[in-house]
Amino acid sequence: MSDLSLHPVGDDEDELLAFMRAVSRHFHEDEADEDLAPWVRVMAGCRRLAVTDRDRIVANYGTLPVDLSVPGGATLPCAGVTVVGVSQTYRRRGLLRRMMTAGLDDAVAHEEPVAALYASESAIYPRFGFGIVAPSVLYHADATRTRFLDRVDPRLVVDLDVEAAPAEAAAIYEVVRAVRGGGVGRLPAQWEVSLRSDTPGSRGGASRKRRVHVPGRGYAVYRIKEDGDGALPGGDVVVLEFVATDPEAEQALWQHVFDVDLATRVVSRLRPPDDALPWMVEDRLRLRASEGEPLYARILDVPRCLASRTSAVTDGLVLAVHDADRDQSGTYRWDVSPEGGACTRTDAPADVALSIESLAACWLGGTSPSRLRAARRLEETTPGAVARLDRMTAVSHAPWTPWIF
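These numbers come from a predicted model, not from an experiment.

Conventions used here
Residues numbered from 1 in each chain as written. Predicted model: local features only at pLDDT ≥ 70, side-chain atom pairs only at ≥ 80, totals over all residues. Heavy atoms only, no water. Core = buried A, V, L, I, M, F, W, Y, C linked by side-chain atoms within 4.5 Å. Buried < 20%, exposed > 50% of the residue type's maximum accessible area, 1.4 Å probe, protein only. Helix = DSSP H or I, 4+ residues; strand = E, 2+ residues; numbered from the N terminus. Contact = heavy atoms within 4.5 Å. Pairing = 2+ DSSP bridges. Axes fitted to C-alpha atoms, helices over the stretch in contact; angles between N-to-C directions. Phe/Tyr/Trp six-rings, centres within 6.5 Å; stacked < 30°, edge-to-face > 60°. Lys NZ or Arg CZ within 6 Å of the ring centre and 35° of its normal.

A. Up close: the nonpolar core. Among the nonpolar cores identified, the biggest contains 71 residues, and F19, Y219, L319, L359 and W363 are the most heavily contacted of them. Sort the elements by how many residues they give to this core and helix α8 (residues 356-363) lands first, with six residues. Other than its neighbours up to four places away in sequence, W363 contacts L68, V70, L76, V114, V133, I299, C305, L306, S308 and R309. The next biggest cluster of nonpolar side chains, apart from the first, holds 29 residues, and it includes V239, A263, V266 and L287.

B. Layout of the sheet that holds strand β3 (residues 56-69). Taken together, seven strands build an open sheet; the order of strands is β1-β2-β3-β4-β5-β14-β6 and the sheet is mixed. Looking along the sheet, the strands with just one partner apiece sit at the ends: β1 (5-8) and β6 (131-134). The mean angle between the axes of side-by-side strands here comes to 30°, regardless of whether they run parallel or antiparallel. Two elements, strand β4 (residues 75-86) and strand β5 (residues 114-118), share three bridges in a ladder whose sense is parallel. Across the sheet, the residue bridging to C78 is V114, located in β5.

C. Representation of the packing of aromatic side chains. One pass over the full model with this rule turns up 10 aromatic pairs. Between F242 and W254 the ring centres are 4.1 Å apart and the planes differ by 20°, which places this aromatic pair in the stacked class. Residue F242 is found in strand β11 (residues 235-244), and its partner W254 is found in helix α6 (residues 247-258); the two are separated by 12 residues along the sequence. Classification of W254 by relative accessible area gives buried; the value is 0%. Clustering of aromatic rings is evident, with ring pairs tying together Y139, F148, F242, W254 and F258. Of note, R186 hangs over the ring of W403, and the distance from its end group to the ring centre comes to 3.6 Å. One Lys or Arg, R284, reaches over the ring of W279 and ends 4.7 Å from the middle of that ring.

D. View of the sheet that holds strand β17 (residues 340-345). Spatially, five strands are ordered β17-β16-β15-β18-β19 in an open sheet, and the strand pairing comes out mixed. If you trace the sheet from one side to the other, it starts and ends with β17 and β19 (378-380), each paired once. The average angle at which neighbouring strand axes cross in this sheet is 25°, direction not considered. Pairing analysis gives three bridges linking strand β18 (residues 352-355) to β19, with the strands arranged antiparallel. Among the inter-strand pairings, L354 is bridged to a residue of β19, identified as L378. The strands touched by α8 within the sheet are β15 (315-322) and β18, with β18 carrying the most contacts at an inclination of about 105°. Docked against the sheet, helix α10 (residues 385-393) engages β15, β16 (330-337), β18 and β19, running at close to 105° with respect to β15.

Right, dumping it as structure tokens:
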């Protein structure tokens, strides 16, 4: 009989390498030591769980000790759930549930009131109480026929020195996180991997990374993937990261990306739903926008999460929250104002009833409560309460994280 023991993974370099080799195998990626080395450094700063069978890792789970920005500029400790995988031959044995339960228990023990993740398979995680906290947009844009309105000076964009890139990008991102909720923080080793590391196995047949910036105001990282027919140029500019602090810098970077020689298409994932790009161009249909990968969040401490954010209005409601998977079910009084918020359990009658997943969806303003009500994901028990909750959760900038972790 198989043992299938669940246990923490230690800090020994060989253990970390074996863990990352299992992660890569379960995600069908390269297992070469050269490609794994940067991720071993990232995982050295994380909490790790594995299920083993006769010393072989057959399931894996990681937690990044990061933080999450909320409206008003504050941040909350966050369990960044990552590298979750189960071997194909060990599925349907409850291993994911065992790891998720242990991982979220561990997050609570570390006083992290929220967990966040990107899902490789989107139908899996709502069963564990994760809701879509930050939707995103994906572009497959026609670069040859996209024209910008009111072009800015392209000389604003210059090459970004690879050695300086992590510190420069991190500073720019912090400016953006101060005005946008839903921004997941990044460990120093992650900045190194994303801005400096460029192993052959990570390129997927594309070029080395290109790094450009408007100094102190924005940066973009991309690759070129050729796809010509031999007679005419063709290929994709694959945008890996793109963050800007102001409209001029943002347009300058977009112009640079769309003007890359010998490319006919721009592919950019993880753009915010309120992205300015469609309003910068003559024909927004050339962008071929579609729904991208959303960021999911699992609220582990309702009072702490709700009290952390501010609102443009001063109001308060009683919410009945249903949590099918953990212990956050209950009735809560939530008060908001521009100065801050407060949330406590109460015995008062509820104004709105919703699941823990729906609460995550509207918590940072990613989805309006009215939209959730229209989808029958939320119930109004006091007339007018949903409209008030719309105003309480409304934000001027959509929640957004510009990378997958």
